[in-house]
Structures are given as C-alpha cells and as structure tokens.
Amino acid sequence: MRRRDEAAFRSFVEARQTMLRRRAYLLCGNWADGDELVQEALARVYVAWPRIAAGAETAYTRRTMMNLFLNDQRKRRREVLTDAAPEPVTVEHDRELAMTLTALLEDLPEKQRAILVLRFWEDLTVPQIAECTGVAEGTIKSHISRGLAALRGRLAEPPLSGAGAVS
C-alpha cells in the first residue's frame, strides 16, 4: 500500500474506532468477540483499501463487519460457550439497560439482530440496509417487524419471582 493510502487508512481507523467497536459489541453481545470482529474487518478493509471508492470507506467497513458477523454465527451454531468474558464497568442504570438490551438482542435470530442494529443503532434507512446486506427491502421490513414484535413481547413479560425465579 502506498504511504498516502496508509495514512488515509490510519486516519479512518482513528476517527471511527469507537463507532466500529460499539457496532461490533451490539452485533456480538460482548466486547471480546466485538473486538475480534473489528480487527478482522479492518484487516480485510486494509487489503482492499486502494480499491475502495472515496467516501465509501464506512459503508464498505460496515458491509465487511456484517458479512463476517453472519458467517461467524453460522459457524458457531454448533458451539457451546462455557464462560463469558468480563464486561467493562459502567454506571449502574446504564449497565442494567445495556444488559437488558443485550439479552433481548441475543435472543433474536442473527439476521434480525443485525438488521435491527443497522436500523436503530446505525440509523440506516431500509434501502441502505438492503444495499448493505444484499437482502430485498421487503425482507428487511419483515425482519424489522418480526424483531420488534419479539422485543416488545419480551419486554411485556413480567419478571419471574418466587419459586419460578432463577437466581
């Protein structure tokens, strides 16, 4: 890679590192897997950097992260994780909200989760999501509708207490 391209890539990563990590956390549900996703995506973007059109770097990186995440989820369906990585310390009310949202997102199918993250976290429109994922707009709308219905249903469930509660 030319020195000018290398400098442009470095400034791109420095400017968007936090955004990429947050997006990856929302997709993966934990910081360790999110960091791995960002690292793998940036490694692939680095190789393709000279071919990426000016102004399309963020979209290309987003698409790369989505593809890597969905491919990884297909591979992990048969794996069972035994230990969870520790999460960073946050303010208590933020932690509770994050844990609730993360748990709710984890219960959704991978594609619904990815599309909801793109729609409501990244604030992309349905056509932008369709372009990013390569999925028809009607399918995107169905995933959004079904994902939101599932989240609303889970939020409406009363918490378990008494003999049925899990501690």
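The model shown is predicted, which means the values in this text are computed figures rather than measured ones.

Quick notes on the overall build of the chain
So, point 1. A tally of helices and strands in the chain yields seven helices and zero strands.
So, point 2. Starting at the N terminus, the α and β elements of the chain follow one another as α-α-α-α-α-α-α.
So, point 3. Burial statistics for the chain: of 167 residues in total, 34% are counted as buried.
So, point 4. Pairs at least 24 apart in sequence give 70% of the contacts found in the chain among residues at least 6 apart.

A few points about the packing of helix H5 (residues 110–121) against helix H7 (residues 137–156)
So, point 1. Taken N-terminus to C-terminus, the directions of H5 and H7 make an angle of 95°; their axes are 9 Å apart at the nearest point. Classified by the angle between their axes, H5 and H7 sit roughly perpendicular to one another. Here Lys111, Gln112, Ile115, Leu116, Arg119 and Phe120 of H5 lie close against H7, whose contacting residues are Ile140, His143, Ile144, Arg146, Gly147, Leu148 and Leu151.
So, point 2. Of the residues belonging to the contact of H5 with H7, the class tally is seven nonpolar, three polar and three charged.

Some words on the side chain of Gln112
So, point 1. Relative to the helices and strands, Gln112 resides in helix H5.
So, point 2. Relative accessible area serves as the criterion here: at 10%, Gln112 is assigned to the buried category.
So, point 3. Not counting chain neighbours up to four residues away, the residues in contact with Gln112 comprise His143, Arg146 and Gly147.

Section: the environment of Arg113
So, point 1. Turning to its location among the elements, Arg113 is positioned in helix H5.
So, point 2. As for Arg113 and His143, which are separated by 30 residues in sequence, their C-alpha atoms are 8.7 Å apart.
So, point 3. In this view, Arg113 contacts Leu26, Leu27, Phe69, Leu105, Glu106 and Leu108; residues no more than four positions away in its chain are not counted.

Thoughts on helix H1 (residues 3–28)
So, point 1. In the structure, H1 departs most strongly from a straight axis at Arg16, where the bend amounts to approximately 60°.
So, point 2. All buried positions along H1 are accounted for by Asp5, Phe9, Phe12, Val13, Leu20, Arg23, Ala24, Tyr25, Leu26, Leu27 and Cys28.
So, point 3. Positive backbone phi, approximately 90°, marks Gly29, located one or two places after H1.

Thresholds applied
The written sequence of each chain sets the order in which its residues are numbered from 1. Where totals are concerned, whole chains, interfaces and linings use all residues; where local detail is concerned, this predicted model gives features only for residues with pLDDT of at least 70, and gives and counts side-chain atom pairs only at 80 or more. Processing note: side-chain calculations cover all non-hydrogen atoms of the structure and skip hydrogens and water entirely. For the purposes of this entry, the term helix denotes a DSSP run of H or I that reaches at least four residues, the term strand denotes a run of E that reaches at least two, and both are numbered from the N terminus. Here the term buried applies to any residue with accessible area under 20% of the maximum for its type, exposed to any over 50%, and partly exposed to those in between, with areas from a 1.4 Å probe on protein chains only. When checking whether two residues touch, look at their non-hydrogen atoms; a contact exists if any pair is within 4.5 Å. Angles shown run from 0 to 180 degrees and are taken between the N-to-C directions of axes, each axis being a line fitted to C-alpha atoms and, for helices, limited to the stretch in contact. Working definition: roughly parallel below 35 degrees, roughly antiparallel above 145 degrees, roughly perpendicular at 65 to 115 degrees, and oblique for all remaining angles. For this scheme, ten residues count as nonpolar: Ala, Val, Leu, Ile, Met, Phe, Trp, Tyr, Cys and Pro. Four count as charged, namely Asp, Glu, Lys and Arg, and the remainder, Gly too, count as polar. The term bend refers to the angle at a residue between two fitted axes, each drawn through seven residues, those ending there and those starting there.

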